[in-house]
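Single-letter residue listing:
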Amino acid sequence: MSGVWTYAQESGYTSQQSLAGFTVEATDGVIGHVDRQQDQPGRQHLVVDTGVWVFGKSVLIPAGAVTAIDTDARTVKVSGTQEEIKAAPRFTTDSETADDGYLSAVGDYYVALRRPLAP
């Protein structure tokens, strides 16, 4: 697993901080609320309830995609646009959070979002 599964130091995350209920914002708007999180080292991620935005589905967002946490405003900002997050590998069941193949696909997707596009 790569660094995509660990909070960046500059994100504002503190060890064992509960983000449940925080509003999650993509670069272009709100995508939902943190339903739950995983703090297992090397597999840190958020499960975000998107409500009606993605037809009542949840998305799994690796901790490395978190760019800022504002505890006063109870918001989590993530890299990527709403459409990019919507296009991520679909999260359907909690068992996927222990599936190395699924986590690898999600991690690769978010790592690719960080890379600048070639001209």
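Each value, and the rule that gives it
- Residues numbered from 1 in each chain as written.
- Predicted model: local features only at pLDDT ≥ 70, side-chain atom pairs only at ≥ 80, totals over all residues.
- Heavy atoms only, no water.
- pLDDT = per-residue confidence, 0-100.
- Helix = DSSP H or I, 4+ residues; strand = E, 2+ residues; numbered from the N terminus.
- Salt bridge = Lys/Arg side-chain N within 4 Å of Asp/Glu carboxyl O.
- Buried < 20%, exposed > 50% of the residue type's maximum accessible area, 1.4 Å probe, protein only.
- Contact = heavy atoms within 4.5 Å.
- Pairing = 2+ DSSP bridges.
- Axes fitted to C-alpha atoms, helices over the stretch in contact; angles between N-to-C directions.
- Core = buried A, V, L, I, M, F, W, Y, C linked by side-chain atoms within 4.5 Å.

Trainee: With reference to specific residues and values, describe the confidence of the model for the protein.
Mentor: Across the protein, the average pLDDT comes to 89, with 90% of residues at 70 or higher. Least confident of the elements in the protein is helix α2 (residues 100-114), whose mean pLDDT is 91; most confident is strand β6 (residues 75-78), at 97.

Trainee: Kindly report on the pattern of salt bridges, identifying the contributing residues and their values.
Mentor: Applying the stated criterion across every chain yields a total of 5 salt bridges. When the shortest N-O distance is used, the salt bridge between R43 and D100 registers 2.2 Å. Here R43, found in the loop between β2 (29-38) and β3 (45-49), pairs with D100, found in helix α2; they are 57 residues apart in sequence, far enough to count as distant. The class for D100 is partly exposed, based on a relative accessible area of 43%. Each of D35, R36 and D94 takes part in a single network of salt bridges with overlapping partners.

Trainee: Got a sec to walk through the environment of T75? Specific residues and values, please.
Mentor: Relative to the helices and strands, T75 is located in strand β6. Separated by 41 residues in sequence, T75 and V34 place their C-alpha atoms 9.3 Å apart. With sequence-adjacent residues up to four places away left out, T75 is seen in contact with F22, T23, E25, A68, I69 and D70.

Trainee: Give me the sheet that holds strand β1 (residues 23-26): which residues, what numbers.
Mentor: With mixed pairing, 6 strands are arranged side by side in an open sheet as β4-β3-β2-β1-β6-β5. With partners counted over all chains shown, the strands left at the sheet margins are β4 (58-62) and β5 (66-70), one partner each. For this sheet, the mean angle separating the axes of adjacent strands, direction not counted, is 35 degrees. Pairing of β3 with β4, which is carried by 5 bridges, proceeds in the antiparallel orientation. Within β4, the position partnered with V47 by the bridge is L60.

Trainee: Describe the nonpolar core, with residues and values.
Mentor: Core analysis: the largest hydrophobic core is formed by 29 residues, its most contacted members being L19, V24, L46, I61, V76, I85 and Y110. Those elements that place two or more of their residues in this core are β1, β2, β3, β4, β5, β6 and α2. Here this core gets 4 residues from one element, more than from any other, and that element is α2. Sequence-distant contacts of L19, that is, excluding residues within four places in its chain, are made with Y7, Y13, V34, Q37, L46, I69 and V76.

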